[in-house]
Amino acid sequence: MQAWVERDGYTPDDIVLTSLTRAAAAVLAGRVPVPRENIATLHALAYRALGSPPIAEIGDLAAIWNREHASLPSWQIGAGTVDVDEDAGFAPPDAELGEQMRLYSLARNRLAPYGHPLWALTTAFAREWEAFKTETGSLDFTGMLEQAATFIDALPQPVLIVDEAQDLVPLQWVLARQWGARAERFLVAGDAGQQLYGFAGARPDDLLAPLDAAETVYHLAQSYRLPPAIAGHAERLLRRHSGPLTDGREYRPDTRRGEGLVRPLAATWRRPEAVVEAVQRRLADTPYEAGEGPTVMVLAACAYMLAPTVRALREAGVPFHNPMRRANGAWNPLGSVARHVEGKRSTARMVAAYAAGEPYGEWIDLLRADVFLLRSAKKLLAGDASADFDAVVRPEHRDALAAHDLGWLLGHLLAQYRGPAEYAASVVRRSGPEAITQPPRVVIGTGHSVKGGESRMVICYPDMSASGMNEAHASQEGADAAVRLAYVCWTRASEELVLCDAADPRGALW
């Protein structure tokens, strides 16, 4: 890409980079000198190219659909707060999509021929869903790709780069090939060893299909993330794969940060206490640097396996998030980091403002009415920092409130703020109010959710779901998928890889 700019006269504005997932797009945005708006998922590019149409799977439209079909649980859609930058529409089974929507989206993303069982399983749902979209003038996530492929011949920019291409599904390939054929430069990048979306129709053989025989094929021989210890461990894992993922491949590790470390940890997803201790030690040993990516990732194959870790991190007051899955409230208990940084309203920010000693302000809204002498006290204090504090606060609360006592605050909260405020208070007590306005240094998620991302330290749970275990034991395809998922998890680590014990050794990824 740099050669195209320096040698061929293209500017950064001429280049569009697209990736399957938000995680990968975020990494690209931090590494390449291309305008942030030119880096997005393929769904997001399609959405913009179509003029930002209403999306039926989010917000009010999703809520209306769910109300109208409340008697049909499998017809419910759970993407109520997902935005259009998600890699949605063909999400894995643990995602917040209803079963009928998931199957219907799979049929379309796979370009399954009519008569395929996926169509037969979703006939009634599809009829109702398409009528709903027509009535509301909206699209769904898959429809964005279908419409863009039908009506948008090319992007305005002359250079298109598609990253993480090993996981593009057939419908995405149609759109990428169409846009790429009309671009002046078209680059496709991917790693067959990291292919995860086989369930949605992604095939490693498709990776080179859009390239003409006359085009140049480059093989990356140098890692820019993995130190020798982690690279070697990951490459040995890939040798268990039945396909030729490593044959003849030269892939030199990154030695800039030393040898790296791979180590075991006596913890399971059911008993994560040692994981939380390891996270805390690593955070203490690694100073915070503004603008740097996460320090620690805690990864599992399935979302439910992370629930005990989430509880333990909350109890310890460790801030964490998953910016690639913002709709998952359990993984983002402090809310949107962007909202905090921008100073926008959130429960966590109100708690931090109170703890930091900010006068009155919006944190007043956290408090119950019985703290005040006047009904209009909240409005008065929030709007006038010079208001007479003693005149509106009950005498027995004045000292604690003036001292910004967190314990007192938690005892006098309105009920709707209690859960989020208690966690935010534990974060503040551990790390100070500023921890609320910094992006959390800990990311928690599944391997699918962090695909394309990286972290200094990665802690992995090895267990598979029951269905994943059955598939891995029943077929070579299932066993290969397990290898690739483990490989993706391991290769997020740039300094240290920590491998936990299996809660059930019969269903371990490694």
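S.K.: Can you walk me through the overall build of the protein chain in this structure?
M.R.: Helices and strands together make up the secondary structure of the protein chain, namely 22 helices and 10 strands. Counting over 510 residues, the protein chain shows a buried share of 53%.

S.K.: What exactly am I supposed to notice about unusual backbone geometry here?
M.R.: Outside of glycine, negative phi angles account for most residues, and trans bonds account for most peptide bonds. In this structure, serine 52 is a non-glycine residue whose phi angle is positive, near 55 degrees. A positive phi angle, close to 55 degrees, is found at glutamate 164, a residue other than glycine. The topology assignment puts glutamate 164 in the loop between strand S3 (159-163) and helix H9 (170-181).

S.K.: Explanation requested: the sheet that holds strand S4 (residues 185-188) in the structure shown.
M.R.: Paired through their backbone hydrogen bonds, the strands of a sheet run either parallel or antiparallel. Spatially, four strands are ordered S2-S1-S3-S4 in an open sheet, and the strand pairing comes out parallel. Either end of the sheet is taken by a strand with one partner, and the two such strands are strand S2 (39-41) and S4. Strand-to-strand, the axes of this sheet are offset by a mean angle of 20 degrees, without reference to chain direction. As paired strands, strand S1 (residues 15-19) and S2 are joined by three bridges and run parallel to one another. Across the sheet, residue threonine 18 finds its bridge partner in S2, namely alanine 40. Taken strand by strand, helix H3 (residues 42-49) contacts S1 and S2, and its axis lies near 100 degrees from that of S2. Lying over the sheet, H9 contacts S3 and S4, oriented at roughly 155 degrees with respect to S3.

S.K.: Just checking my understanding: could you explain the side chain of serine 455 for this structure?
M.R.: Summarising the element assignment, serine 455 is placed in strand S9 (residues 455-460). Assessed through its relative accessible area of 2%, serine 455 is described here as buried. Apart from residues lying up to four places away in sequence, serine 455 is in contact with Pro294, Thr295, Val296, Met297, Arg492, Ala493 and Ser494.

S.K.: I'm lost on H9 in this one. Help?
M.R.: The periodicity of an α-helix, 3.6 residues per turn, causes residues three or four positions apart to be oriented the same way. If you check H9, its first and last C-alpha atoms are 16 Å apart, about what 12 residues at 1.5 Å a residue would give, namely 16 Å. If you check which residues of H9 are buried, you get Pro170, Leu171, Gln172, Trp173, Leu175, Ala176, Gln178, Trp179 and Gly180. Packing partners of the buried residues in H9 comprise H3, helix H5 (99-109), helix H8 (141-151), S3 and S4.

S.K.: Would you explain the nonpolar core in this entry?
M.R.: A general feature of soluble globular proteins is that nonpolar side chains tend to end up buried together. By size, the foremost hydrophobic cluster in this structure holds 143 residues, and its most contacted members are Trp129, Trp179, Val275, Val279, Val298, Trp363 and Ile459. It is helix H22 (residues 476-490) that provides the largest number of residues to this core, a total of eight residues. The next biggest cluster of nonpolar side chains, apart from the first, holds nine residues, and it includes Leu17, Val34, Ile39 and Ile161.

S.K.: Please clarify how the confidence of the model for the protein chain should be interpreted in this entry.
M.R.: Interpreting fine coordinate detail is not advised for predicted regions of low pLDDT. Confidence in the prediction for the protein chain averages 86 pLDDT; 86% of positions are at 70 or higher. By mean pLDDT, helix H13 (residues 337-341) is the weakest element of the protein chain at 47, and strand S5 (residues 261-265) is the strongest at 98. For the stretch residues 80-96, pLDDT sits under 50, and the model shows 67 contacts to residues farther than four places along the chain or on other chains.

S.K.: Could you clarify how one ought to interpret the sheet that holds S5 in this entry?
M.R.: Taking strand neighbours across the sheet as the criterion, the six strands line up as S5-S10-S9-S6-S8-S7 in an open arrangement whose pairing is parallel. Two strands lie at the open edges of the sheet, namely S5 and strand S7 (320-321), each paired on one side alone. In this sheet, S9 lies alongside strand S6 (residues 296-300) in parallel orientation, the contact comprising four bridges. Paired with valine 298 across the strands is isoleucine 459, a residue of S9. Packed onto the sheet, helix H11 (residues 273-285) meets S5, S6, strand S8 (442-446), S9 and strand S10 (493-500) and runs at close to 170 degrees relative to S9.

S.K.: Is there a simple way to think about the pattern of salt bridges in this case?
M.R.: Pairing is possible between side chains of opposite charge, provided their charged atoms come close. Within the structure shown, the criterion is met by 18 salt bridges. Arginine 108 is paired through a salt bridge with glutamate 146; the nearest N and O atoms lie 2.9 Å apart. Remark: glutamate 146 occurs in helix H8 and arginine 108 occurs in helix H5; sequence separation between them is 38 residues. A residue is classified by how much of its surface remains accessible, and arginine 108, at 5% relative accessible area, is buried.

S.K.: I keep staring at the environment of glutamate 358 and nothing clicks. Help me out?
M.R.: Secondary-structure assignment places glutamate 358 in the loop between helix H14 (347-355) and helix H15 (377-383). By relative accessible area, glutamate 358 is classed as partly exposed at 39%. Not counting residues up to four positions away in its chain, the partners in contact with glutamate 358 are Ala353, Trp363 and His404.

Quick notes on the rules
- Residues numbered from 1 in each chain as written.
- Predicted model: local features only at pLDDT ≥ 70, side-chain atom pairs only at ≥ 80, totals over all residues.
- Heavy atoms only, no water.
- Helix = DSSP H or I, 4+ residues; strand = E, 2+ residues; numbered from the N terminus.
- Buried < 20%, exposed > 50% of the residue type's maximum accessible area, 1.4 Å probe, protein only.
- Pairing = 2+ DSSP bridges.
- Axes fitted to C-alpha atoms, helices over the stretch in contact; angles between N-to-C directions.
- Contact = heavy atoms within 4.5 Å.
- Expected span 1.5 Å × (residues − 1).
- Core = buried A, V, L, I, M, F, W, Y, C linked by side-chain atoms within 4.5 Å.
- pLDDT = per-residue confidence, 0-100.
- Salt bridge = Lys/Arg side-chain N within 4 Å of Asp/Glu carboxyl O.

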